[in-house]
Amino acid sequence: MKRFYIYTWGCQMNEHKSEGMAGVLARAGYLPADDPAHADVVLFNTCMVREKPVEKVYSEAGVIALLKEKNPDLVLGVGGCVAQALKEKLFRKSPAIDFVFGSSNIAEIPRLIEQARQRRALGKPGWVMAVDKIPDTIEELPFLRASRFQAKVTIAEGCSNFCSFCIVPYTTGLLRSRLPGEILSEVSELAAQGYKEVQLLGQNVDSYGKDLNDPRITFAKLLRALTEIPIPRIRFTSSHPQDITDEVIELLGEENNICEHLHMAVQSGSDKVLAEMRRGYTKEHFLKLVEALRERNVNVTTDIIVGFPTETEEDFQETVDLVQQARFGGAFIFKYSPRPKTVAFYKYRDVIPEEEKQRRLEILLTLQKQITDEENRKRVGQTVEVLVEGPARQKGLLMGKTRDNRTVVFEGSLELIGELVMVHITEGSVAGLVGELVSDTLTLVPSSLGGRGEIKG
Ligand code: SAM
Ligand code: SF4
């Protein structure tokens, strides 16, 4: 039996695409390998959002080149955004690469592997490529899901927002939404298979349906329909402050299966920088959204970019102030990385020195850690529903997530992995929550039927 190994860089959408690649290879008779050294085919599913993951592609290709010296039959394929953008240039950058496939050419992978092998047998480089124009459809794939209780479901691909710093619309194409009926069928099937949690994916879920030219199709209506499906937890990512509607915020506050967590990138606290980023909202609007969400006990997490070319110290202080006011449950903080093709790339030079970007990043990280720590401490004494995801790093303990996406570590049997349990929180810190199991499973408390799983009193 031939075996495959997939490296994934980037967001959850890429993780889900890798499940599609795994499904395509499984359908062609391949088995997963636990290590690239034991694989006959290695795939790179790449990300181009920042420069760092692009550099990683070349350094990892060097590692695979060493493996090829031991196993000359090993085939390396590169897909994802870097492949979509750089195409045949990749062969010159790293001769260890045998084939390159575009973001909508995943079903062709087995054919590309065979072609690369045939070329090699003829003594030529394996180089073959299938990259279409920028994707404008959603490829149907036989997903081989990494988990038996948590499933990712794409609701839309691409993005039509064109934020000035972001390469995503240029590599993944414009927004294209799946039809609601298809999404409802997929989630119903997952519920029937016993999945406990579904995560809906889109670059900007709140813009779902805008390309379908039917005012009856909106993200709020899709979510409302999904509350009728008996699956305990529904999550989604990412939300966009410009497009999120009151209807979605209301749904997050109701007793239903939609989890009380929202990942909504703010990027900056300065109105001037937000306008130059073309984000379409102000600091005041964002803080109003956070206020409305907090009233509904929703844990808001975010993304922030420091060192955007026009960001002055005053602008940066506006971001510090926003973080202090918003009290995010968590934040991903990135240093601005100029991306080819974007408006910011052509309009501004990357003038903020690396050390200054690093200084701003560390200030925000320290502040956010303090807030996360304080917010987690507030959970001590509560009894909450936890989906057990697996063993914790600490030996003998389990790790799971609350509905509002906080990590909980507690003692329990490995048989509980994949189950919903109730945990009494005894400690909270920047690392997450620690608790004690109060009930083994929640089979008698179906949160899918409305309960949030909290035991009151
Ligand atoms: N669509 C999501 C949104 O707008 O909320 C974001 C998707 S993007 C793949 C994830 C994050 O990467 C962004 O929220 C942003 O903070 C960061 N990012 C995107 N382009 C970047 C760049 N050029 N430099 C640094 N960070 C960047
Ligand atoms: Fe990129 Fe903006 Fe689209 Fe997010 S909304 S993917 S940051 S262009």
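Conventions and cut-offs
- Residues numbered from 1 in each chain as written.
- Chains lettered and ligands numbered in written order.
- Predicted model: local features only at pLDDT ≥ 70, side-chain atom pairs only at ≥ 80, totals over all residues.
- Heavy atoms only, no water.
- Helix = DSSP H or I, 4+ residues; strand = E, 2+ residues; numbered from the N terminus.
- Buried < 20%, exposed > 50% of the residue type's maximum accessible area, 1.4 Å probe, protein only.
- Areas by Shrake-Rupley, 256 points an atom, 1.4 Å probe, with all protein chains shown as cover.
- Pairing = 2+ DSSP bridges.
- Axes fitted to C-alpha atoms, helices over the stretch in contact; angles between N-to-C directions.
- Core = buried A, V, L, I, M, F, W, Y, C linked by side-chain atoms within 4.5 Å.
- Contact = heavy atoms within 4.5 Å.
- Near = heavy atom within 4 Å.
- Nonpolar A, V, L, I, M, F, W, Y, C, P; charged D, E, K, R; others polar.
- Disulfide = S-S within 2.5 Å.

**Q** Which residues make up the overall build of the protein chain, and what values do they have?
**A** Regarding its fold elements, the protein chain presents 14 helices and 19 strands. Once the C-alpha set of the protein chain is aligned to its principal axes, its extents read approximately 75 × 55 × 50 Å. Across the 457 residues of the protein chain, 56% fall into the buried class. Total accessible area on the protein chain stands at roughly 20,400 Å², and carbon and sulfur atoms take up 53% of it.

**Q** Can you explain the sheet that holds strand β7 (residues 150-154)? Please cite residues and give values.
**A** Read from one edge of the open sheet, three strands run β7-β10-β11, paired in parallel fashion. Unpaired on one side and paired on the other, β7 and β11 (233-237) mark the two borders of the sheet. Across the sheet, the axes of successive neighbouring strands diverge by a mean angle of 25°, strand direction being ignored. Where strand β10 (residues 197-201) and β11 come together, five bridges link them in parallel fashion. The residue of β11 that forms the bridge with E197 is R233.

**Q** Account for the nonpolar core, naming residues and giving values.
**A** By size, the foremost hydrophobic cluster in this structure holds 55 residues, and its most contacted members are I155, L200, F219, L223 and F236. Each residue touching F219, except ones within four places of it in the same chain, is listed here: I155, L200, V205, D206, Y208, F236 and V248.

**Q** An account of the site of ligand 2 is needed here, citing residue identities and associated values.
**A** Surveying the vicinity of ligand 2 reveals the residues C159, N161, F162, C163, F165, C166, V168, P169, Q203, H240 and R279. Class assignment for the residues of the shell around ligand 2 results in seven nonpolar, three polar and one charged.

**Q** Describe the state of the cysteines, and please don't skip the residues or the numbers.
**A** Going through the model one piece at a time under the given rule, you end up with zero disulfides. Unpaired in this structure, C47 has its nearest cysteine sulfur neighbour in C81, at a distance of 6.3 Å. With relative accessibility at 12%, the residue C81 sits in the buried group.

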